[in-house]
Amino acid sequence: MPFNEQKHFTVAYVITCFYGLTICLFVLSADIFNFGLIIFPLSQLEILQQIIRNFDKYTIKMRSQLNTSWSKACLATLKKCVHLHQDIIQYIKDYNDLFRTVTLFDAIQSSVQLSSIVLEVVMTGPTFTKLLEAVSFASSTLIRLFIFYWYADDVLIQSTRITQALIESNWHEQPIKIQKMMLFIIMRSNRQLKMDLGQFTNMSLNVFITIIRASYSYFTLVYGTN
């Protein structure tokens, strides 16, 4: 700071708290925003499965809205499902194009931070204050990562359950044209929707465990050389 911190301790303390609070709010807002981006396709996949499982119910609603025949209402309902599925696929693609590098750096940074906080406690001597700070930081980082990777993993799982939703519907009672279109949805849903982590892998619970292992490996490497 451009003044004597000891002489103006109160001012320095207030400024430090202000900047610390600002950074915390920024990080919290960014995490909430990212969480919303991950949750959105998951909710859309669950909505799509709900429509498919209750296909007749939604067809009845579509028929009353359009005031048309049953076959045309079936076709309109299925087209709605196809468009919703295509929108979800496009959303995942756009998310990966924008954030695959960001999520990779976030994973690397989190791994280094976890190992560094443990190294600091071990190498400088554990005290109650240091242990409390280390546990608080490590637990918050792990919980944050777990939430992100849990829901990203759920997106991957739910994307493959569209086929199961079609099987649970009364697809065999639908016209042949509708059954063929349902087959097209099954073919599309066989490709898992993944939220990328860099160019080579995707966000999942297995990768979350890998991040923890990488943190431990970095810790043992650095601690062993010292």
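Residues numbered from 1 in each chain as written. Predicted model: local features only at pLDDT ≥ 70, side-chain atom pairs only at ≥ 80, totals over all residues. Heavy atoms only, no water.

**Things to note about the overall build of the chain**
Each helix and strand in the chain was counted, giving seven helices and two strands. Walking the chain from its N terminus toward its C terminus, one meets helices and strands in the order α-α-α-α-α-α-β-β-α. Since a compact globule built from 226 residues should have a radius of gyration of about 17 Å, the 25 Å found for the chain marks it as more spread out than a globular shape. Sorting the 226 residues of the chain into buried and exposed places 35% on the buried side. Sequence-distant contacts in the chain: of pairs separated by 6 or more residues, those separated by 24 or more amount to 77%. Accessible surface, the chain as shown: approximately 14200 Å² in total, 65% of it carbon and sulfur. Measuring between centres, the 19 positive side-chain charges of the chain sit 11 Å from its 15 negative side-chain charges. (Helix = DSSP H or I, 4+ residues; strand = E, 2+ residues; numbered from the N terminus. Rg over C-alpha atoms; globule rule 2.2 N^0.38 Å. Buried < 20%, exposed > 50% of the residue type's maximum accessible area, 1.4 Å probe, protein only. Contact = heavy atoms within 4.5 Å. Areas by Shrake-Rupley, 256 points an atom, 1.4 Å probe, with all protein chains shown as cover. Lys, Arg positive; Asp, Glu negative; His and termini not counted. Charge placed at Lys NZ, Arg CZ, Asp CG, Glu CD.)

**Section: empty space enclosed by the protein**
Tallied over the entire structure, the rule returns one cavity of 30 Å³ or more. Space inside the largest cavity adds up to approximately 40 Å³. Along the walls of the largest cavity sit Val82, His85, Gln86, Phe184, Ile185 and Arg188, which together make up its complete lining. Broken down by class, the residue content of the lining of the largest cavity amounts to three nonpolar, two polar and one charged. (1 Å grid on protein atoms, 1.4 Å probe; cavity = no way out; pocket = protein on both sides within 12 Å on 5 of 7 lines; lining within 4 Å. Points joined across faces, edges and corners; volume = space filled by probe spheres on them. Nonpolar A, V, L, I, M, F, W, Y, C, P; charged D, E, K, R; others polar.)

**A word on the environment of Thr220**
Structurally, Thr220 is set in helix α7 (residues 205-225). Judged by its relative accessible area of 35%, Thr220 falls in the partly exposed class. Distance in space between the C-alpha atoms of Thr220 and Arg144 is 24 Å, their sequence separation being 76 residues. A distance of 2.8 Å separates a polar side-chain atom of Thr220 from the backbone oxygen of Ser217. (Polar contact = N/O pair within 3.5 Å; in protein donor to acceptor, adjacent residues only side chain to side chain.)

**Remarks on the environment of Thr129**
Tracing the chain through its elements places Thr129 in helix α4 (residues 128-160). Spatially, the C-alpha atoms of Thr129 and Ser159 are 45 Å apart, while their sequence positions differ by 30 residues.

**A word on unusual backbone geometry**
The phi angle at Asn67 is positive, at roughly 55 degrees, despite the residue not being glycine. For Asn67, the position within the fold is in the loop between α2 (55-66) and α3 (70-124).

**Notes on the packing of aromatic side chains**
Overall, the coordinates contain five aromatic pairs when judged by the stated rule. Between Phe146 and Trp150, the ring centres sit 5.6 Å apart and the planes meet at 40 degrees, which makes this aromatic pair tilted. Of the two residues, Phe146 and Trp150 are both situated in helix α4; the distance of four residues between them amounts to about one turn of the helix. Aromatic rings pair up to connect Phe146, Trp150 and Phe208 into one cluster. (Phe/Tyr/Trp six-rings, centres within 6.5 Å; stacked < 30°, edge-to-face > 60°.)

**So, the packing of α2 against α3**
Axis separation between α2 and α3 bottoms out at 8 Å; the angle between their running directions is 110 degrees. In terms of axis orientation, α2 runs roughly perpendicular to α3. The crossing of α2 and α3 is right-handed. Where α2 abuts α3, its residues Phe55, Asp56, Tyr58, Thr59, Ile60, Met62, Arg63 and Leu66 lie against Trp70, Ala73, Cys74, Ala76, Thr77, Leu78 and Lys80. Grouping the amino acids of the contact of α2 with α3 by side-chain chemistry returns 10 nonpolar, two polar and three charged. (Axes fitted to C-alpha atoms, helices over the stretch in contact; angles between N-to-C directions. Parallel < 35°, antiparallel > 145°, perpendicular 65-115°, else oblique. Left-handed = near helix turned anticlockwise from the far one by under 90°.)

**Details of the pattern of salt bridges**
For the structure shown, the criterion picks out six salt bridges. Put simply, Asp97 and Arg100 hold a salt bridge, and the shortest N to O gap is 3.4 Å. One end of the pair, Asp97, and the other, Arg100, are both in helix α3, three residues apart, so they sit about a helical turn from each other. Using a relative accessible area of 17% as the deciding quantity, one classes Arg100 as buried. Linking Asp196 and Arg100 is a salt bridge whose minimum nitrogen-to-oxygen distance equals 2.7 Å. Separated by 96 residues along the polypeptide, Asp196 in strand β1 (residues 196-197) and Arg100 in helix α3 bring together distant segments of the chain. Using a relative accessible area of 17% as the deciding quantity, one classes Asp196 as buried. Linked by salt bridges that have partners in common, Lys93, Asp97, Arg100 and Asp196 make up one network. (Salt bridge = Lys/Arg side-chain N within 4 Å of Asp/Glu carboxyl O.)

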